[in-house]
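Each chain is listed here by its residues.
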4 protein chains.
Amino acid sequence: MDTQVVNELEGRRGTAPIRVAVAGATGFAGQELLRLLARHPYVSIAAATGSQATSAPRRLPALARIWDGTVVPFDRAAIIAAAEVVFLALPEKASAETAPALLEAGLRVIDLSGAFRLRDSAARTQWYPATATLPEGVAYGLTEFEFEAIRSARLLSNPGCYPTASLLGLLPLQRAGLLQPGADIVIDAKSGISGAGKAATDRTHFSENHGSVAAYNPFGHRHTPEMEQALGRPVTFVPHLVPLDRGILSSLYTRLVPGTTAAAVAAAFEAAYANAPFVRLTGDGLPEIKHVAHTNFCDIGWKVDEGGGRVFVVSVIDNLVKGAAGQAIQNFNVMCGFDQRAGLL
Amino acid sequence: MDTQVVNELEGRRGTAPIRVAVAGATGFAGQELLRLLARHPYVSIAAATGSQATSAPRRLPALARIWDGTVVPFDRAAIIAAAEVVFLALPEKASAETAPALLEAGLRVIDLSGAFRLRDSAARTQWYPATATLPEGVAYGLTEFEFEAIRSARLLSNPGCYPTASLLGLLPLQRAGLLQPGADIVIDAKSGISGAGKAATDRTHFSENHGSVAAYNPFGHRHTPEMEQALGRPVTFVPHLVPLDRGILSSLYTRLVPGTTAAAVAAAFEAAYANAPFVRLTGDGLPEIKHVAHTNFCDIGWKVDEGGGRVFVVSVIDNLVKGAAGQAIQNFNVMCGFDQRAGLL
Amino acid sequence: MDTQVVNELEGRRGTAPIRVAVAGATGFAGQELLRLLARHPYVSIAAATGSQATSAPRRLPALARIWDGTVVPFDRAAIIAAAEVVFLALPEKASAETAPALLEAGLRVIDLSGAFRLRDSAARTQWYPATATLPEGVAYGLTEFEFEAIRSARLLSNPGCYPTASLLGLLPLQRAGLLQPGADIVIDAKSGISGAGKAATDRTHFSENHGSVAAYNPFGHRHTPEMEQALGRPVTFVPHLVPLDRGILSSLYTRLVPGTTAAAVAAAFEAAYANAPFVRLTGDGLPEIKHVAHTNFCDIGWKVDEGGGRVFVVSVIDNLVKGAAGQAIQNFNVMCGFDQRAGLL
Amino acid sequence: MDTQVVNELEGRRGTAPIRVAVAGATGFAGQELLRLLARHPYVSIAAATGSQATSAPRRLPALARIWDGTVVPFDRAAIIAAAEVVFLALPEKASAETAPALLEAGLRVIDLSGAFRLRDSAARTQWYPATATLPEGVAYGLTEFEFEAIRSARLLSNPGCYPTASLLGLLPLQRAGLLQPGADIVIDAKSGISGAGKAATDRTHFSENHGSVAAYNPFGHRHTPEMEQALGRPVTFVPHLVPLDRGILSSLYTRLVPGTTAAAVAAAFEAAYANAPFVRLTGDGLPEIKHVAHTNFCDIGWKVDEGGGRVFVVSVIDNLVKGAAGQAIQNFNVMCGFDQRAGLL
């Protein structure tokens, strides 16, 4: 890791805790942020604000003894006065409206919504219409592939949960030139129900999901353009809901450049993640959600059909950790010059 | 079974289908009613009405090919014109308001809410304030213990799901005089989430229940007075939500009259249910929810501590079948002079 | 339906119950067979034999009051004396050894294993080495596409659970010439744990599956050649285990012949299943496992990307019913000239 | 906390890591021990041995990057040479045979089995016949109530999972004299399936538990005498299996000394746990398993029926953490003079 100091947060390395705020602290990702940040060795939580319209401060009972603060209504001036870095775990419209003012006031922002993920204006207008323009200094926070951009970012756009799992399984092969150009890439992803958010709806009712599996939004999910942007080629993506709480398993199907060996595929994965503390390669032993739940790990396994030119990759994450709060903190660590693992092991 | 005809429905036995309506057909119990009634050999479904405020008729996709009708808004006059028997799967306030007019028009009513379960005015006012008075001709539909009253009832009040499971486990011992007077009766019941209803709330969110168990309403659930009324003595009842969809397991703890043998307990159960087609006794082999899910069976097992004078009873049902729609149809069968099992096996 | 009598079972239509036996009655599929056959209007269960090495007859408590017989050890001569049709719910090696003798004795056999599914000798030797030769008169029992062959079969080879769900979603398009030749067909299937069988293994332990998803056998599952045989082209198939008990959701991805419209796809499905009582088409409203659990239905939905030439199909079944016992009985009904739905609604 | 050094481990406080070994490292509790100990700031893992008969060392994939050692066969001499403290996560027979030799060699032993929990010889002979005698220096490790005994123990007998949850909910009231003498104490406990152990059996099969609940061993579970020993009075205990992986909810029912107020109950809990870092009191807001899963917390809530003299207490833990590995480490911390929370937050 480069030891040159690239920003003022890195200059603070080790001298005083970074003061952070969490907006949207009562949602699933927000609570996970508080849980992790409360134990982070170089952080103090300066504020946590509630995404629900409420005037009364409230406590989060599951976090008792871990973080004993109170969630208060969002107050921009108070946040600017209290914090240096703000994690936004808000709907994208709220993020699109909130982030610019915080940046203007000199704060760093780590946004977990999709508001700032798409660089192409037309695509962004279609999928995230509330985001008129991309602020300067925005980085896409897929940590393992954007380390240098993240280090100097003022606005960190944290990847979506499905793109995190899927891109970590595909990018090593794509960048190594092993994926056949023009071949279809099928991404069949299975997500736990927490991925559908904390709002009580017919879709998140226990009885609708227990004992069931459902595909949704085929060809139409907004994480598709995010993945296509990173890969530089089209994908066929269909998400599914499976009856568990936390976790994503992404099944990736495509074709290899003729002649590609299983050894070449393994070598590409090993080279890509030689220095990645949170990616664990399992090779032929396919990974399972259970192994990564409640951790920031992404486990990746694969199978090559050498004769047929096909490759199948499985990538698993905890959607609330590596797919949201954990990766956000991993990115925060990079921005601050800390060890990527600080607060995450 | 007595062959004397006690009402005009019995007089119809076998000659023409009984025309029934289901009000509240889109709820969990309502859909189960449609599923079962559609296959009932002596029934035609004259109408199904939606409890949700909607002006448009709608279909229920899960019932396609089973019942292909449409759910329409509730229209009292249309119901009176079309049906002879109406199943009300409505909130108790709606039942309290709807049932009297239907009865007055000469229809039989089978009500699945709590509106008409409590005979004591003070208790009813406390727990079901919308029910000003009990109509004449009301019977409490715990089929195995109220056969004759059900046969001639005009308004059938279907028992609650917790009381069904718990009373079937306790009444044989209580009525046989084997339960020690004055001893505490502890009823610890575990229910699947469908018991909390179809409304999307924080309580019914998948993520709140997966991997969790929660007790609720200790000492304060309105099924308590219903059980006390049937048993003629107080009980300590605490319901719990467990992470499954359908089913109740009720664990019953109390003391036996000194000297009561295990054989006497078994004999009491066998005598009580000698002619009950839907009660299966498992003795020492304790029953599990899995064995009764999607059926109208109540399975009951028990363990006697002869030296200590204690008895432990386990009773399991499917809360939407024997605890709601199935028992309602069982009662309907009794009212019509049909075999109790018609449409339920 | 043709009214010509094609075999002696059809000649028996309606006159006397068909005497059937179930071998392997304590497994998941075997128990489901007993549950369904016990209520079948034209059947008497002549024998049920246990796949476990046991000399003592045993009862199945969950089937009490539904089927109150006893499971006894397998005795070929006794079966031949007692039954006309035998359902084999055995491991394929046991089926391969047992079926020929039963056929030779003049019985009809409905085999739920994979022993007799593959017509190509080389493929069969690779995947089902215990099956030396295919008996004469064998039919592949995908009811919706093999009606006439099933009608006159002496040995009915019931399809695998994954092929049932997947082929019902693909064959209408393949046979209508709408699928682009040479394009990859990706079959990503999600199965409940009952699909892994009743044996207690690390793979079927509750704790290994709760909160988890796992892919297994990529490119290497023996249901692959079965699907390729029916489709006449290669497929990429990866099965997954999801944390539920019963059900399969098969996600099917491929390309359409250029210019194929969404209307053409819908028309192909409607034409294929115009007379299929157990296939329900849901169109854009994608089906979910919950809708078919505990039924013999296969629900199929799809989404066409007209501009991109892609089609995505979702097909769901209950793996123990339409994927095993239910389809076996549906085939039995066809063999006997009964309504396909007899005993299945 | 007393600052006097009571043993040689305390004398080591802060100077060098304590060398620990884990026997039975591939079981559920063993893996949890490794996961927690690997991050413990004052510990080095000197050895991990496998409870399965295997001659080959093996890795645990889920622990990759957390603990990258190998599990080796148990070798007593090697353990004695390498470790100062040994955690035994073995079946009780193996613990009973192994612990004495380790103690004799001067090591401290923390045993997670039931082998050394019962002080009464007759009871021990009945429930744990492999344990001939209790070694000297044994302490019962219910940390919140046995702090001083634990501090100087040479053999720490870690409590059972059910007793941990249940006793923490009852002891404050019993010791404060608020529970009516002679009244029944009913303990209805619900446990996740990991409590049934890692062995693949019919009881731990996914399909037996999904969608089901089962009571087992009424009046006959060996955790009963353990609870009666701690409380000094009889209890009625029935455990249940619920369809989740990790967690216990214990529902506790009994009677209060006449005149006991809700305030007195609350005061007793607050006094008992004023200095307990891992007990969180929730009062009327009843706790749920979800809030404590994957933590060492025990959350306790209650409801008092002042008029009726009844009290209902709910206590929840993660059975593998506070009910096993976590409490073992908490006790280890006490034995070593560390902060109880070291490695557990």
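Here's a quick rundown of the structure. Keep in mind the model is a prediction, meaning the values are calculated, not measured.

Some words on the sheet that holds strand β5 (residues 108-111) of chain C
Residues and elements named next belong to chain C.
Now for step 1: Taken in spatial order, the seven strands line up as β3-β2-β1-β4-β5-β7-β6 in an open sheet, and their pairing is parallel. The sheet is open, and its two edges are formed by β3 (72-73) and β6 (138-140), each paired on a single side.
Now for step 2: Helix α2 (residues 28-37) contacts β1 (18-23), β2 (43-50) and β4 (85-88) of the sheet and is inclined by roughly 160° relative to β1.

Looking at the side chain of H210 of chain A
Now for step 1: The residue H210 of chain A is located in the loop between α8 (206-209) and β9 (214-215) in this model.
Now for step 2: Overall, the relative accessible area of 12% leaves H210 of chain A in the buried class.

Here's the deal with the environment of T98 of chain D
All names here are of chain D.
Now for step 1: Along the chain, T98 turns up in helix α4 (residues 92-104).
Now for step 2: In this structure the C-alpha to C-alpha distance between T98 and L241, which are 143 residues apart in sequence, comes to 31 Å.
Now for step 3: Contact partners of T98, with chain neighbours within four places excluded, come to F74, L88 and L90.
Now for step 4: Within the structure, the side chain of T98 is placed 2.7 Å from the backbone oxygen of A94, a separation counted as a polar contact.

Re the relation of the copies chain B and chain D
Now for step 1: Of the transformation superimposing chain B on chain D, the axial component is 0.0 Å and the angular component is 180°, with the fit at an RMSD of 0.0 Å. The transformation just described matches what one would write down for a two-fold rotation axis. Closest to the rotation axis within chain B is the C-alpha of P243 of chain B, separated from it by 3.2 Å.
Now for step 2: Looking at chain B, 98% of its interface residues are interface residues in chain D too, so the copies touch through the same face.

Focus on the interface of chain D and chain C
Now for step 1: Between chain D and chain C, the contact holds 18 residues from the first and 18 residues from the second.
Now for step 2: In total, chain D and chain C occlude about 1,400 Å² of area from one another, counting both sides; carbon and sulfur atoms represent 63% of this.
Now for step 3: Taken together, the connections running from chain D to chain C amount to zero salt bridges.
Now for step 4: Seen at the junction of chain D and chain C, the total is six residue pairs in polar contact (both at pLDDT 80 or more).
Now for step 5: It is helix α8 (residues 206-209) of chain D that provides the largest number of residues to the side of chain D that touches chain C, a total of three residues.
Now for step 6: Here the side of chain D that touches chain C is built from residues that sort into seven nonpolar, eight polar and three charged.

A few points about the side chain of E144 of chain C
All names here are of chain C.
Now for step 1: Note on placement: E144 falls in the loop between β6 and α6 (147-151).
Now for step 2: When its relative accessible area of 15% is taken as the criterion, E144 is described as buried.
Now for step 3: One polar contact links E144 to K322, side chain to side chain, over a distance of 2.9 Å.
Now for step 4: Within the structure, E144 has its side chain in polar contact with the side chain of Q330 (distance 3.1 Å).
Now for step 5: Those residues in contact with E144 that lie beyond four places of it in its chain are L168, Y273, A276, F278, V279, K322, Q327 and Q330.

Digging into the packing of helix α7 (residues 161-175) of chain B against helix α9 (residues 223-231) of chain B
Geometrically, a packed helix pair is captured by the angle between its two axes and the distance between the axes.
Residue and element names in this part refer to chain B.
Now for step 1: α9 packs onto α7 with a crossing angle of 25° between their chain directions and a minimal axis gap of 10 Å. It follows from the interaxial angle that α7 and α9 lie roughly parallel. α9 is crossed by α7, and the crossing has right-handed handedness. In this structure, α7 uses C161, Y162, P163, S166, L167, L170, L171 and Q174 to contact α9, whose residues at the interface are H223, E226, M227, A230 and L231.
Now for step 2: Here the contact of α7 with α9 is composed, by residue class, of nine nonpolar, three polar and one charged.

Digging into the pattern of salt bridges
Now for step 1: Counted under the stated rule, the structure contains 68 salt bridges over all chains.
Now for step 2: Between R19 of chain D and E84 of chain D there is a salt bridge, with the nearest N and O atoms lying 3.7 Å from each other. Taken as a pair, R19 of chain D in strand β1 (residues 18-23) and E84 of chain D in the loop between α3 (76-82) and β4 (85-88) lie far apart in primary sequence, 65 residues in all.
Now for step 3: Overall, the relative accessible area of 17% leaves E84 of chain D in the buried class.
Now for step 4: Here the residues in one salt-bridge network are E32, R35, R246 and D318 of chain A, joined through shared partners.

Rules used throughout
- Residues numbered from 1 in each chain as written.
- Chains lettered and ligands numbered in written order.
- Predicted model: local features only at pLDDT ≥ 70, side-chain atom pairs only at ≥ 80, totals over all residues.
- Heavy atoms only, no water.
- Pairing = 2+ DSSP bridges.
- Helix = DSSP H or I, 4+ residues; strand = E, 2+ residues; numbered from the N terminus.
- Contact = heavy atoms within 4.5 Å.
- Axes fitted to C-alpha atoms, helices over the stretch in contact; angles between N-to-C directions.
- Buried < 20%, exposed > 50% of the residue type's maximum accessible area, 1.4 Å probe, protein only.
- Polar contact = N/O pair within 3.5 Å; in protein donor to acceptor, adjacent residues only side chain to side chain.
- Least-squares fit on C-alpha atoms with pLDDT ≥ 70 in both.
- Buried area = accessible area lost by both parts, 1.4 Å probe.
- Salt bridge = Lys/Arg side-chain N within 4 Å of Asp/Glu carboxyl O.
- Nonpolar A, V, L, I, M, F, W, Y, C, P; charged D, E, K, R; others polar.
- Parallel < 35°, antiparallel > 145°, perpendicular 65-115°, else oblique.
- Left-handed = near helix turned anticlockwise from the far one by under 90°.

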